[in-house]
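For reference, the chains in residue letters:
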Amino acid sequence: MKYSEHWEHRHREANEESALHVTEGVADQPSVNPHFRRKRRPLLTTDQYVAGILAGDITILSQAITLVESSLPEHYEQAQAIIERCLPHSGNSVRVGITGVPGAGKSTFIEATGGLVTSLGHRLAVLAIDPSSERSGGSILGDKTRMESISSNPDVFIRPSPSAGSLGGVARKTRETVILCEAAGFDTIFIETVGVGQSETAVHSMVDIFMLLQISGAGDELQGIKRGIMEMADLVVITKADGENIRKAQLARTQLANALHLFPQPESGRRPQVFTCSAVDGSGLQEVWNEVEAFIAFTRGNGFFRSNRRRQSKYWMYETIDEALRNSFYRDPGIESSLPDFEREVLDDRLSSFVAARKLLDRYFGDIRRER
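Just so you know, these numbers come straight off a predicted model, no measurement behind them. Residue indices follow the written sequence of each chain, beginning from 1 at its first position. Reporting of local features is limited, given that this is a predicted model, to residues whose pLDDT is at least 70; pairs of side-chain atoms are given and counted only at 80 or more, and all residues count toward the totals for whole chains, interfaces and linings. Based on all heavy atoms of the structure, the side-chain values leave hydrogens and waters out of the count.

### Comments concerning the confidence of the model for the protein
Here is step 1 of the chain: Note: pLDDT gives the predictor's confidence per residue, expressed from 0 to 100. Looking at the protein, the pLDDT average stands at 82 and 77% of residues meet or exceed 70.
Here is step 2 of the chain: Confidence drops under pLDDT 50 across residues 132-141; counting only partners more than four residues distant or on other chains, this segment forms 23 contacts.
Here is step 3 of the chain: The criterion used for residue contact is that any of the two residues' heavy atoms lie within 4.5 Å. For residues 219-224, every residue scores under 50 in pLDDT, and the model assigns this stretch eight contacts once sequence neighbours within four places are set aside.

### Quick notes on the packing of helix H13 (residues 304-331) against helix H15 (residues 353-371)
Here is step 1 of the chain: A fitted line through C-alpha atoms represents every axis, and for helices the fit uses only the stretch in contact; the resulting angles, taken between N-to-C directions, go from 0 to 180 degrees. Each helix corresponds to a stretch of at least 4 residues labelled H or I by DSSP, and each strand to a stretch of at least 2 residues labelled E; elements are numbered beginning at the N terminus. Closest axis-to-axis distance for the H13/H15 pair is 11 Å, and the angle between their directions is 90°. Comparing the axis directions of H13 and H15 gives the class roughly perpendicular. When H13 is examined against H15, the residues Leu 325, Ser 328 and Phe 329 are found in contact with a partner set consisting of Leu 360, Leu 361 and Tyr 364.
Here is step 2 of the chain: Among the residues forming the contact of H13 with H15, the class breakdown is five nonpolar, one polar and no charged. Each angle is binned into one of four classes, with values under 35 degrees roughly parallel, values over 145 roughly antiparallel, values of 65 to 115 roughly perpendicular, and all other values oblique. Residue polarity is assigned by list, with Asp, Glu, Lys and Arg as charged and Ala, Val, Leu, Ile, Met, Phe, Trp, Tyr, Cys and Pro as nonpolar; anything else, Gly included, falls into the polar class.

### Notes on the pairing of strand E5 (residues 209-214)
Two faces make up the sheet, and in a regular strand the side chains alternate between them.
Here is step 1 of the chain: Three labels apply to residues, based on accessible area from a 1.4 Å probe with only protein chains included: buried if under 20% of the type maximum, exposed if over 50%, partly exposed otherwise in between. A large share of E5 lies buried, amounting to six of its six residues.
Here is step 2 of the chain: Here E5 shows a buried face lined by Ile 209, Met 211 and Leu 213 and a second buried face lined by Phe 210, Leu 212 and Gln 214.
Here is step 3 of the chain: Of the strand pairs in this sheet, strand E1 (residues 94-100) and E5 are connected by five bridges, and their pairing is parallel. Bridge pairing links Thr 99 to Leu 212 in E5. The criterion for strand pairing is that DSSP finds at least two bridges linking the strands in question.

### Side note on H13
Here is step 1 of the chain: In this scheme, a helix's expected span is set at 1.5 Å multiplied by one less than its residue total. Over its 28 residues, H13 runs 40 Å from end to end, which matches the ideal 40 Å to within 8%, given 1.5 Å per residue.
Here is step 2 of the chain: Of all the positions in H13, only Phe 304, Phe 305, Asn 308, Arg 309, Gln 312, Trp 316, Glu 323 and Phe 329 are classed as buried.

### Focus on the packing of aromatic side chains
Here is step 1 of the chain: Pairing of aromatic side chains here covers Phe, Tyr and the six-membered ring of Trp, requires ring centres within 6.5 Å, and sorts the geometry by plane angle: under 30 degrees stacked, over 60 edge-to-face, intermediate tilted. Evaluated as defined, the whole model comprises six aromatic pairs.
Here is step 2 of the chain: Residues Tyr 315 and Trp 316 carry aromatic rings whose centres are separated by 5.1 Å and whose planes lie at 85° to one another, so their mutual orientation is edge-to-face.
Here is step 3 of the chain: Owing to a relative accessible area of 34%, Tyr 315 belongs among the partly exposed residues under this scheme.
Here is step 4 of the chain: Seen from their ring centres, Tyr 364 and Phe 365 are 5.2 Å apart, and the 65° between their planes marks the pair as edge-to-face.
Here is step 5 of the chain: Overall, the relative accessible area of 5% leaves Tyr 364 in the buried class.

### Observations regarding empty space enclosed by the protein
Here is step 1 of the chain: Points on a 1 Å grid over protein atoms alone make up a cavity when a 1.4 Å probe fits among them but cannot get out, and a pocket when they form an open set with protein on both sides within 12 Å along at least five of seven lines; lining residues each have an atom within 4 Å of a point. Grid points are joined across faces, edges and corners, and a volume is the space filled by probe spheres set on the points. Counted by the stated rule, this structure contains one cavity of 30 Å³ or more.
Here is step 2 of the chain: Put simply, the largest cavity is a space of about 30 Å³.
Here is step 3 of the chain: As for the largest cavity, its lining consists of Arg 95, Arg 175, Val 178, Ile 179 and Met 206.
Here is step 4 of the chain: With three residues, the single largest contributor to the lining of the largest cavity is helix H8 (residues 167-183).
Here is step 5 of the chain: Counted by class, the lining of the largest cavity contains three nonpolar, no polar and two charged residues.

As structure tokens, this is what we get:
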């Protein structure tokens with residue numbers, strides 16, 4: 001008799017002789033209901049998307065943005081049709097770019113300022129350009145979970161955009177998302193950048209006012225600040241000006257204001273102002289927002305607001321062309337199959353980088369001409 005059979009026999013005998021009856025267990029059950037079937041979300045038509053966006057339906061707006069962010073060709077076509085239909089209903093917002101050094105408290109500042117903005121009767125959309133997880137390609141900053149006080153506000157819409165390694169593509173999609181949010185009735189758009197790499201330049205090219213958040217008490221206040229970012233800033237805010245940090249914040253404000261006077265006159269015609277604020281106790285936030293409104297009014301008055309938006313539209317036309325050509329090149333079957341061989345030749349010093357690139361481009365454009 002096998003050991004297991006012997007054990008079961010002894011177990012039954014013990015049960016029969018004992019007043020205690022042990023019920024036999026049941027087989028392990030599956031952790032997932034085998035009868036569960038995920039319901040596929042019904043696909044909406046372009047008309048349904050546009051109608052929902054114009055009606056201010058947040059759910060449909062979110063679905064449309066997901067469509068814009070999708071890399072599938074069939075989604076791209078429908079997304080562009082939706083954007084084209086929404087375009088006449090866009091452009092009626094104030095677009096604010098927000099960047100800053102790590103630790104400046106961008107999300108905390110946006111949360112506090114967002115509460116102020118909505119209390120003044122505005123509807124706010126917060127679009128955050130996040131770095132992406134290398135494994136999943138998803139957003140890793142999780143702004144929606146960090147802005148608890150405004151994430152449940154019906155007048156606030158928060159949407160992070162994972163960059164997935166392609167800042168240019170994300171920036172274009174963020175700009176298209178702005179159009180959809182404006183069509184949905186949001187009159188104030190905050191675009192937050194992580195403050196690293198070239199993301200500041202991309203955000204600067206799609207906003208009406210560019211705000212730089214800075215902290216005090218971290219040594220030399222001007223050390224490590226890129227001149228390019230300072231030149232782009234229309235407004236500088238020293239955050240965390242509360243408690244024992246107030247004096248340091250005031251000193252940083254003076255130093256930055258003096259430094260900004262050494263810069264040439266900005267195209268807008270209005271010199272950047274420096275403010276201090278605290279997102280914890282709310283001090284200084286009203287002054288910051290007053291300056292945003294004053295800057296917008298000033299640039300509308302001297303024509304810079306309109307000329308800047310026209311220049312941005314032209315810039316994004318060329319950026320979109322560049323991205324489309326790049327995607328078309330790398331997705332071409334002939335190029336995909338040839339790239340590994342050319343890479344090996346370049347790595348083995350049998351072919352120069354420039355000659356390899358020229359041959360690949362000649363092959364790509366030759367295929368296009370033959371298709372015609």
